Each structure stands twice: as C-alpha cells, then as structure tokens.
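Residues per chain, in single letters:
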Amino acid sequence: DSGVTQTPKHLITATGQRVTLRCSPRSGDLSVYWYQQSLDQGLQFLIQYYNGEERAKGNILERFSAQQFPDLHSELNLSSLELGDSALYFCASSVVVANTEAFFGQGTRLTVV
Amino acid sequence: GENVEQHPSTLSVQEGDSAVIKCTYSDSASNYFPWYKQELGKRPQLIIDIRSNVGEKKDQRIAVTLNKTAKHFSLHITETQPEDSAVYFCAASMGGATNKLIFGTGTLLAVQP
C-alpha cells in the first residue's frame, strides 16, 4: 500500500457525461500528480500541483481540469466524455516538488460506453 | 520536444539470466531518472532511480547506468526470477522545479522458469 488513496476504483459512464476522480495523497506529501494510462499511449503526464498551486502541465485536454484543495486532496474532472477517454487514471504524490520518487495510487479505471 | 524512447518492448529471458532495458531521452535539462515496475492490474512502483550527478547505482540485483552525454540510461537485472516478470517503465524528469516525468512506452519482461 503506497498510502495514496484513489476513489472510485472503477467507473462506467456514458459518452457526453462528466465525472470526478478523487485522490488523497500520502500523509505529509504536498505534491500531487495525475497520469493517464491507456494501452496505446502508455503513461501520460496530465498535471502536477504543489501545495494547492498548479506546477506543471502535460497534454491535458481542455475538457479535463484538476485542482488541489487546502487539505491537499486533489480532484480530476473529466467532462464531455468520449470513448477514447477510457483509461486507467493514476494519482501520485511526493513530499517535495521535484526530482523525487512519486508514489502511485491504485488507479481509477474509467470506461466510457 | 519531450520524449523518452524505450527498448525493447518485450523481453523474454530464462530464469537466472540477466535482462537489460535501454532508454534514451531528449531533454538535456533532465536530471532525474526513475524506473518503475508495474505488475498486471497494479500500480507502478519505483524500483530504482538515479540523478544526473551519478553514473551508476546498484541495489542488490538491480542496477541503473546513466550516460548524460549520450542521453542514455539503462536498467540491468541480474539473476532474474519469475517474480521479476512485469512491465518496466523508464522515465525522465523535464527539469526545473517540477516532478513532471515523461515515461517510456514500457518493456514487458517475461522470466521463464
């Protein structure tokens, strides 16, 4: 157990819908990251927050947004869902902001039908 | 652009043999290079990492080497065991004050008993 908690574990939803994925980082970790893992794209970096502020952005779609709250948990919002958004979404956390081990949660498997 | 190439995509070895996985990165500012192991249906877990001021690092049967000039880094696993079977990902940080990791496409390692 990495100490990073993601909910829900599985999510099935229809195209056009909106979902929210939640992540609680390890106790003491200030930095949170979101990654998307699909069969054809591998692990793709979406976004990083550090102590509530956005720190780095990857190829995150405009339909996706995220935030980190004062209690350091993070949410990833996915809207206008398409079939191609089906993937495993991982949250990870670390103590410091750069060049350090990122601890991954178990992931949320999103299926868009 | 930001890119990490990883080879081979699949690797099959006999138990007890060595396995080598190679990665090449594009961003000369990268200074942190972790390796993650992902078992089927599970989260990626760090197995070893190396920073740019070090050329080699070992941890029991696992070693990583880094050639900053050539922008190459490699994972070496000796005396492989069936439980080493998994997908291995290399990654490179994009430099600066972030932990934005760009991952390779993964290597499926199968250790035959």
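Residues numbered from 1 in each chain as written. Chains lettered and ligands numbered in written order. Predicted model: local features only at pLDDT ≥ 70, side-chain atom pairs only at ≥ 80, totals over all residues. Heavy atoms only, no water.

S.K.: How would you summarise the interface of chain A and chain B if you had to cite specific residues and measurements?
M.R.: Contacts between the two partners involve 23 residues from chain A and, on the opposite side, 18 residues from chain B. When the two sides are added together, the surface that chain A and chain B hide from each other amounts to roughly 1,800 Å², 52% of it contributed by carbon and sulfur. It is Leu43(A), Asn99(A) and Phe104(A) in chain A that bury the most area against chain B; as a group they hold 33% of the surface buried on that side. Across the contact surface, chain A and chain B share five residue pairs in polar contact (both at pLDDT 80 or more). Every element with two or more residues in the side of chain A that touches chain B is listed here: β4 (31–38), β5 (42–50), β6 (53–57) and β9 (87–94) of chain A. Tallied by class, residues from the side of chain A that touches chain B come to ten nonpolar, nine polar and four charged. (Contact = heavy atoms within 4.5 Å. Buried area = accessible area lost by both parts, 1.4 Å probe. Polar contact = N/O pair within 3.5 Å; in protein donor to acceptor, adjacent residues only side chain to side chain. Helix = DSSP H or I, 4+ residues; strand = E, 2+ residues; numbered from the N terminus. Nonpolar A, V, L, I, M, F, W, Y, C, P; charged D, E, K, R; others polar.)

S.K.: Describe the layout of surface pockets, naming the residues involved and giving the relevant values.
M.R.: Considering only enclosed or pocket space, the largest pocket measures out at about 790 Å³ in volume. Only β4 and β9 of chain A together with β9 (86–93) and β11 (107–112) of chain B provide two or more residues apiece to the lining of the largest pocket. Considering every element that reaches the lining of the largest pocket, the biggest residue donor is β9(B), with three residues. Looking at the lining of the largest pocket residue by residue, the classes come out as eight nonpolar, 16 polar and five charged. Its volume calculated, the second largest pocket comes out at about 250 Å³. As for the second largest pocket, its lining consists of 14 residues, of which Gln44(A), Asn59(A), Glu2(B), Ile102(B) and Phe103(B) are closest to the centre. Among the elements of the structure, β5 of chain A together with β10 (101–103) of chain B are those that each provide at least two residues to the lining of the second largest pocket. Residue composition of the lining of the second largest pocket, by class: six nonpolar, six polar and two charged. (1 Å grid on protein atoms, 1.4 Å probe; cavity = no way out; pocket = protein on both sides within 12 Å on 5 of 7 lines; lining within 4 Å. Points joined across faces, edges and corners; volume = space filled by probe spheres on them.)

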